[in-house]
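# Inside the fold
What follows is each chain in one-letter form.
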Amino acid sequence: MTDTPIQPLASPSERVKAFIGDLARPFAIYATSGAAAVGIVRVAWVVENGNDGAIYLGAVAVLVGGIYGFKSWEQIKTGKQGAEVEIAKAKSEAT
């Protein structure tokens, strides 16, 4: 969350749109991770040799790791931008 003031939304449809937008990304991350977990268990029952399972597990690890990695990168980038804004505000107030 940010410390920026939240402007009141103009209409109920904008409130619904904002609510869905706030839930979409976390839901997508959790749904992808849950599907990967279910898929790993399912493949463990079906696979006949270790090579197939290792290939699938590697693909899932890249997918889920990439999603969480990009989310972490986004958080870091957003934090740096917020810090730069605060530094600029402090400099402008000091002069």
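Our subject is the structure listed above.
All of these numbers come straight from a predicted model, not from anything done at the bench.

What follows deals with the overall build of the protein. Looking only at helices and strands, one finds two helices and zero strands in the protein. Every one of the 95 residues in the protein was classed for burial, and the buried ones make up 7%. Accessible area of the protein: about 8000 Å², with a carbon and sulfur share of 67%.

We now examine the pattern of salt bridges. Pairing is possible between side chains of opposite charge, provided their charged atoms come close. On inspection of all chains with the given rule, the structure shows two salt bridges. E74 serves as the salt-bridge partner of K71, at 3.4 Å between the closest nitrogen and oxygen. Of this pair, K71 and E74 both sit in helix α2 (residues 50-94), three residues apart, roughly one helical turn. In this structure E74 comes out as partly exposed when scored by relative accessible area, which is 26%. For the salt bridge of K89 with E86, the shortest nitrogen-to-oxygen distance reads 3.8 Å. Of this pair, K89 and E86 both sit in helix α2, three residues apart, which is roughly one turn of that helix.

A cluster of nonpolar residues, V16, F19, I20 and L23, forms a patch on the protein surface that exposes about 400 Å² of accessible area. You can call F19 exposed: its relative accessible area is 53%.

Take the environment of I40 next. Here I40 is to be found in helix α1 (residues 12-46). A relative accessible area of 32% places I40 in the partly exposed class. As a C-alpha pair, I40 and G53 span 13 residues in sequence and 8.3 Å in three-dimensional space. Other than its neighbours up to four places away in sequence, I40 contacts Y56, L57 and V60.

A separate point is the packing of α1 against α2. Running from N to C, α1 and α2 point in directions that differ by 165°, and their axes come no closer than 10 Å. With respect to α2, the element α1 is oriented roughly antiparallel. Pair α1 / α2 crosses with left-handed handedness. Along the contact surface, α1 presents R25, I29, Y30, T32, S33, A36, G39, I40 and V43, while α2 presents G53, Y56, L57, V60, L63, V64, I67, Y68, K71 and E74. Partitioning the contact of α1 with α2 into residue classes produces 12 nonpolar, four polar and three charged.

Criteria and thresholds
Here, residues in each chain are numbered from 1, in the same order as that chain's written sequence. Given that the model is predicted, a residue must reach a pLDDT of at least 70 before its local features are reported, and side-chain atom pairs must reach 80 or more before they are shown or counted; all residues, however, enter totals for whole chains, interfaces and linings. The side-chain quantities take in all heavy atoms of the structure and omit both hydrogens and water. Put simply, DSSP H or I for four residues or longer makes a helix, DSSP E for two residues or longer makes a strand, and each gets a number counted from the N terminus. Each residue gets one of three labels from its accessible area relative to the maximum for its type: buried under 20%, exposed over 50%, partly exposed in between, using a 1.4 Å probe on protein chains only. For accessible areas, the Shrake-Rupley method is used with a probe of radius 1.4 Å. Any residue's cover is judged against the shown protein chains and nothing else. Whenever Lys or Arg places a side-chain nitrogen within 4 Å of a carboxyl oxygen from Asp or Glu, that contact is recorded as a salt bridge. Patch membership requires over 30% relative accessible area and the absence of a salt bridge. Like charges are linked within 9 Å, and nonpolar side chains (Val, Leu, Ile, Met, Phe, Trp, Tyr) within 5 Å. The contact criterion used is simple: two residues touch if any of their non-hydrogen atoms lie within 4.5 Å. For helices, the axis comes from a line fit to the C-alpha atoms of the stretch in contact; other axes are also lines fit to C-alpha atoms, and the angle between any two N-to-C directions lies between 0 and 180 degrees. Roughly parallel means an angle under 35 degrees; roughly antiparallel, over 145; roughly perpendicular, 65 to 115; everything else is oblique. Two helices that cross are described as forming a left-handed crossing if the nearer one is turned anticlockwise from the farther one by less than a right angle, and a right-handed crossing if clockwise. Ten residues, namely Ala, Val, Leu, Ile, Met, Phe, Trp, Tyr, Cys and Pro, are considered nonpolar, four, namely Asp, Glu, Lys and Arg, are considered charged, and the remaining ones, Gly among them, are considered polar.

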